[in-house]
Amino acid sequence: MTLDAFIIGFAFIMIHLLANEVIPSDRIKRLKWFSFSGGLAVSYVFVYVLPTLHKEQIVVKKYGDYFTMESELYFIGLIGLLIFYGIQKVVRKAQLQDKTHKARTLFWFQIVFFGIYNMLVAYTIISHNVLGIQAVFYGIAVGLHFVAVAHDLWREYADIYNHVGRYVLAIGILAGWLLGVKVELSPLIDSIIFAFISGAMILNVLKYELPPDDEAHYLTFTIGVISYTTVTMSLKFFFQW
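Residues numbered from 1 in each chain as written. Predicted model: local features only at pLDDT ≥ 70, side-chain atom pairs only at ≥ 80, totals over all residues. Heavy atoms only, no water.

K.L.:
Whenever I open this one, the overall build of the chain confuses me. Can you help?
P.N.:
Helix and strand content of the chain: eight helices and zero strands. Reading the helices (α) and strands (β) of the chain from amino to carboxyl end gives α-α-α-α-α-α-α-α. Considering only residue pairs separated by 6 or more positions, the chain has 84% of its internal contacts joining residues 24 or more positions apart. Roughly 12500 Å² of accessible area belongs to the chain as shown, and the carbon and sulfur atoms make up 69% of that amount. (Helix = DSSP H or I, 4+ residues; strand = E, 2+ residues; numbered from the N terminus. Contact = heavy atoms within 4.5 Å. Areas by Shrake-Rupley, 256 points an atom, 1.4 Å probe, with all protein chains shown as cover.)

Encoded structure:
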């Protein structure tokens, strides 16, 4: 296990255990914090996730006649988005109908699903051998994404999240971390996993990390987008990421 992989895995685990401790309690500061982190996350999707998905699509073309449309992985990403959106929709519907017992039961299901999501994200990052300064910048974006998701889950049912939920999410990170270090899957399977979580991540970024209009701080959001994009694109240009 490389030092980079250890640090990334440890940082992601601690994020889920302590996510709500790092979010400012002051409302204005909190809104600016989420706007800035949302800007970073949106930038990450456009400068890393989508270009990498395109590269992975090129990789799977090597597997012959099974992949001929140049869009198979995008379809898998769409499936990931639909599955996560469907789960969240069912939970929200039960909450709106004030079916407390059903909503809490479904929330457990949502927690488990996010645990699997965390596992696949952690596996993808570790298995792709993201190292050095590249690991720092991608780790920051994904880490802030995890904080936003964790905070939103905590706001739904703080008792479930604090007592059990955050540990389920942390275990998901640990499982993906160990999988990425110990297991070597085929490039095709790796590409399919990346495509699936890309769709789910795009949904979660737009849903959890873009504040509603009445809570958004546009200037801070713009600073987050421009700063992260500028630095990342510069490093891509100079170091051929």
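What follows continues from the structure just given.
K.L.:
So what exactly am I meant to see when it comes to the packing of aromatic side chains here?
P.N.:
Aromatic ring pairs are reported here in terms of the distance separating the ring centres and the angle at which the planes meet. The tally for this structure, following the rule as stated, stands at nine aromatic pairs. Each ring, one from Phe12 and one from Phe146, has its centre 5.1 Å from the other, and the planes form 85°; the classification is edge-to-face. Pair noted here: Phe12 is in helix H1 (residues 3–18) and Phe146 is in helix H5 (residues 132–156), with a separation of 134 residues, a long-range link. Classification of Phe12 by relative accessible area gives buried; the value is 3%. Here Tyr44 and Tyr48 contribute two aromatic rings whose centre-to-centre distance is 5.2 Å and whose plane-to-plane angle is 25°, an arrangement assigned as stacked. Taken together, the residues span about one helical turn, with Tyr44 and Tyr48 both in helix H2 (residues 27–60) at a distance of four residues. Tyr48 shares its class with Tyr44; the two are buried. These aromatic residues form a ring-pair network of at least three members: Phe84, Phe109, Phe113, Phe114, Tyr117 and Phe196. (Phe/Tyr/Trp six-rings, centres within 6.5 Å; stacked < 30°, edge-to-face > 60°. Buried < 20%, exposed > 50% of the residue type's maximum accessible area, 1.4 Å probe, protein only.)

K.L.:
Sorry, what's going on with H1 here?
P.N.:
Across its 16 residues, H1 extends 22 Å between first and last C-alpha, which sits within 8% of the 22 Å expected from 1.5 Å per residue. Those residues of H1 lying buried are Ala5, Ile8, Gly9, Phe12, Ile13, Ile15 and His16. Projected down its long axis, H1 carries its buried residues within an arc of 155°, all on one side. (Expected span 1.5 Å × (residues − 1). Arc of directions from axis to C-beta.)

K.L.:
Which parts of the structure should I look at to understand the side chain of Thr232?
P.N.:
Along the chain, Thr232 turns up in helix H8 (residues 218–239). Within the local environment of Thr232, its side chain forms a polar contact with the backbone oxygen of Tyr228, the two atoms lying 2.7 Å apart. (Polar contact = N/O pair within 3.5 Å; in protein donor to acceptor, adjacent residues only side chain to side chain.)

K.L.:
I'm lost on the packing of H1 against H5 in this one. Help?
P.N.:
Each pair of packed helices gets described by two things: the angle between the helix axes and the distance between those axes. Contact geometry of H1 with H5 gives a least axis separation of 9 Å together with a crossing angle of 15°. Relative to H5, H1 is oriented roughly parallel. The chirality of how H1 crosses H5 is right-handed. Across the interface between the two elements, Asp4, Ile8, Phe12, Ile15 and His16 of H1 pack against Gly132, Ala135, Gly139, Val142, Gly143, Phe146, Val147 and Ala150 of H5. Residue composition of the contact of H1 with H5, grouped by class: eight nonpolar, four polar and one charged. (Axes fitted to C-alpha atoms, helices over the stretch in contact; angles between N-to-C directions. Parallel < 35°, antiparallel > 145°, perpendicular 65-115°, else oblique. Left-handed = near helix turned anticlockwise from the far one by under 90°. Nonpolar A, V, L, I, M, F, W, Y, C, P; charged D, E, K, R; others polar.)

K.L.:
When you look at the nonpolar core in this model, what are you seeing that I'm missing?
P.N.:
Proteins that are soluble and globular tend to have nonpolar side chains buried together. Of all hydrophobic cores here, the largest spans 63 residues; its most connected members are Tyr44 and Leu153. Elements with a contribution of two residues or more to this core: H1, H2, helix H3 (72–96), helix H4 (100–127), H5, helix H6 (158–182), helix H7 (187–208) and H8. If sequence neighbours within four positions are ignored, Leu153 has contacts with Phe107, Gln110, Ile111, Phe114, Tyr161, Leu169 and Tyr208. (Core = buried A, V, L, I, M, F, W, Y, C linked by side-chain atoms within 4.5 Å.)

K.L.:
Sorry if this is basic, but what is going on with H6 here?
P.N.:
An α-helix turns once every 3.6 residues. As a result, residues three or four positions apart point the same way. For H6, with 25 residues, the first-to-last C-alpha span of 34 Å sits near the 36 Å given by 1.5 Å per residue. Of all bends in H6, the biggest is about 50°, found at Val164. Those residues of H6 not exposed but buried are Ile160, Tyr161, Gly165, Leu169, Ala170, Gly172, Ile173, Gly176, Trp177 and Gly180. (Bend = angle between axes of the 7 residues up to and from the residue.)

K.L.:
What's the story with the packing of H5 against H6 in this structure? I'm lost.
P.N.:
Viewed as axis vectors pointing N to C, H5 and H6 meet at an angle of 150°, and their least axial separation amounts to 8 Å. The orientation of H5 relative to H6 falls into the category roughly antiparallel. As for the relative orientation of H5 and H6, their crossing is right-handed in sense. From H5, Phe146, Ala150, Leu153, Trp154 and Glu156 reach across to H6, where they touch Ala158, Tyr161, Asn162, Leu169 and Ile173. In terms of residue class, the contact of H5 with H6 is made up of eight nonpolar, one polar and one charged.

K.L.:
What is the right way to read empty space enclosed by the protein from this model?
P.N.:
Using a probe with the size of a water molecule, rolled over the atoms, empty space left in the structure can be pinpointed. According to the stated counting rule, one finds one cavity of 30 Å³ or more in the structure shown. Computed from the structure, the largest cavity encloses a volume of approximately 130 Å³. Tyr44, Tyr48, Thr124, Ile125 and Phe194 are the residues nearest the centre of the largest cavity, which is lined by 14 residues in total. Going through the elements one at a time, H2, H4, H5 and H7 are the ones with two or more residues in the lining of the largest cavity. The element best represented in the lining of the largest cavity is H7, accounting for four residues. (1 Å grid on protein atoms, 1.4 Å probe; cavity = no way out; pocket = protein on both sides within 12 Å on 5 of 7 lines; lining within 4 Å. Points joined across faces, edges and corners; volume = space filled by probe spheres on them.)

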